[in-house]
Amino acid sequence: MILSFLSASAVIAAASVFAFKLALWKAILIFIFGPPAFTLLYMLFFTVVSAFVDNTKPIERQSRLCARGVVGISRLALGWCGVKTRVVGIEKLPEGECFQLVANHRSLFDPLIIVRCLKKYNVSFIGKPSALAIPVIGKIGYGAGCLPIDRENNRNALKTVVTAINYVKTEICSMAVFPEGTRNKTDAPLLPFRAGCFKIAQKANAPLVIACIKGSRDISKNMFRRKTETELVILEVISAEKNAAMSTAQLADHSSRLIEKCYTE
């Protein structure tokens, strides 16, 4: 996305020099300030789109425009912050069916990494209500299938899980969940996993994808200064049949051990 904006700015700047005989210094200004201008126009467009999203009830059909917007906004944010991600094991992902993805959570950028890197697989995520309360971005995310979960209210949390099950089961979108329940700010590789979220794959009769995100914790201290190298590693895909044969506690324990081993390697 950022490269596209830079390329567009370069083309416009060069065309301005030759077509309009613009002074070189003015062309340089167009190149420098072009990407922010394109970004602003991009956000203005999705501000209009967000006005038509009703985030007071579950969606019956995913807005493809919102889904593309979430991917685009993720690419913009990660691009401006200098994040580069290498994806390992993507060939393991199921083709043509929705799934539940679970991963570790050490950075606010983790959902953006998942959405951007797995755009082909139409992955939305369950996150904190505050994330989906962000003006414009929150409503665009909701239209794409992202869901807020209130960890302090078990009844509301259960409603979110039931909605996520329906989204996967009816193939609205795949769902990414962070079983730790919150961002891990400790020195420990992982926080304890909450087994309840593994019901999504079981009840939706869908595959469970276990993934590990590495390096994202460094993004906040590196942003706007230098690039951050990150990895999204697809560790294992457990079929719907195997999910049904295991308890949620077993799935949580198995996923936790796999992710911890990958993270500490």
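Coordinates for the structure precede this section.
Residues numbered from 1 in each chain as written. Predicted model: local features only at pLDDT ≥ 70, side-chain atom pairs only at ≥ 80, totals over all residues. Heavy atoms only, no water.

1. Focus: the sheet that holds strand S3 (residues 123-127)
Hydrogen bonds between backbone atoms are what pair the strands of a sheet, whose relative direction is either parallel or antiparallel.
Phase 1 of the analysis: Overall, mixed pairing links the seven strands, which are arranged S1-S7-S6-S2-S5-S3-S4 in an open sheet. In the strand order of this sheet, the two ends are held by strand S1 (83-88) and strand S4 (147-148), each with one partner.
Phase 2 of the analysis: Here two bridges tie S3 to S4, and the two strands are oriented parallel to one another. Among the inter-strand pairings, Gly127 is bridged to a residue of S4, identified as Pro148.
Phase 3 of the analysis: Those strands touched by helix H4 (residues 110-117) are S1, strand S2 (100-103), S3, strand S5 (174-177), strand S6 (208-214) and strand S7 (228-238), and its axis lies near 60° from that of S1. (Pairing = 2+ DSSP bridges. Helix = DSSP H or I, 4+ residues; strand = E, 2+ residues; numbered from the N terminus. Contact = heavy atoms within 4.5 Å. Axes fitted to C-alpha atoms, helices over the stretch in contact; angles between N-to-C directions.)

2. Topic: the pattern of salt bridges
Phase 1 of the analysis: Counted by the stated rule, this structure contains four salt bridges.
Phase 2 of the analysis: A salt bridge links Asp253 to Arg257, with the nearest nitrogen and oxygen atoms 3.1 Å apart. Here Arg257 and Asp253 lie together in helix H10 (residues 248-264), a separation of four residues that amounts to about one turn.
Phase 3 of the analysis: Look at Asp253 and you get partly exposed, because its relative accessible area is 42%. (Salt bridge = Lys/Arg side-chain N within 4 Å of Asp/Glu carboxyl O. Buried < 20%, exposed > 50% of the residue type's maximum accessible area, 1.4 Å probe, protein only.)

3. Some words on helix H6 (residues 154-169)
Phase 1 of the analysis: The end-to-end C-alpha separation of H6 is 22 Å, in line with the 22 Å expected for 16 residues at 1.5 Å each.
Phase 2 of the analysis: Check the buried side of H6 and you find it contacts S3, S4, S5 and helix H7 (199-204).
Phase 3 of the analysis: Positive backbone phi, approximately 60°, marks Glu171, located one or two places after H6. (Expected span 1.5 Å × (residues − 1).)

4. Focus on the side chain of Thr230
Phase 1 of the analysis: Here Thr230 shows up in strand S7.
Phase 2 of the analysis: Using a relative accessible area of 3% as the deciding quantity, one classes Thr230 as buried.
Phase 3 of the analysis: A distance of 2.6 Å separates the side chain of Thr230 from the side chain of Thr85, its partner in a polar contact.
Phase 4 of the analysis: The residues touching Thr230, leaving out its near neighbours within four places in the chain, are Val83, Lys84, Thr85, Arg86, Ile113, Lys214, Gly215, Ser216 and Ile219. (Polar contact = N/O pair within 3.5 Å; in protein donor to acceptor, adjacent residues only side chain to side chain.)

5. Some remarks on the packing of aromatic side chains
Phase 1 of the analysis: Following the criterion strictly, the structure yields two aromatic pairs and no others.
Phase 2 of the analysis: The interplanar angle of 80° and the centroid separation of 5.0 Å between the aromatic rings of Phe45 and Phe46 together place this pair among those described as edge-to-face. (Phe/Tyr/Trp six-rings, centres within 6.5 Å; stacked < 30°, edge-to-face > 60°.)

6. As for the nonpolar core
Phase 1 of the analysis: Judged by nonpolar contacts, the single largest core of 39 residues is most densely connected at Leu93, Phe99, Leu101, Ile114, Leu118, Val123 and Ile140.
Phase 2 of the analysis: Going through the elements one at a time, helix H2 (24-50), helix H3 (64-80), S2, H4, S3, helix H5 (137-144), S6 and S7 are the ones with two or more residues in this core.
Phase 3 of the analysis: Counting residues per element, this core draws most heavily on H3, which supplies seven residues.
Phase 4 of the analysis: The next biggest cluster of nonpolar side chains, apart from the first, holds 34 residues, and it includes Ala157, Ile165, Val168 and Leu208. (Core = buried A, V, L, I, M, F, W, Y, C linked by side-chain atoms within 4.5 Å.)

7. Points about the environment of Val162
Phase 1 of the analysis: Residue position: Val162 is located in helix H6.
Phase 2 of the analysis: The class of Val162 is partly exposed, set by a relative accessible area of 48%.

8. Structural notes on the packing of H3 against H4
Phase 1 of the analysis: Across the interface, H3 lies against H4 with an axial gap of 9 Å and an inter-helix angle of 120°. Relative to H4, the element H3 lies oblique. Crossing of H3 against H4: the hand is left-handed. Contact residues: H3 offers Val70, Val71, Ser74, Arg75, Ala77 and Leu78, while H4 offers Leu112, Ile113, Val115 and Arg116. (Parallel < 35°, antiparallel > 145°, perpendicular 65-115°, else oblique. Left-handed = near helix turned anticlockwise from the far one by under 90°.)

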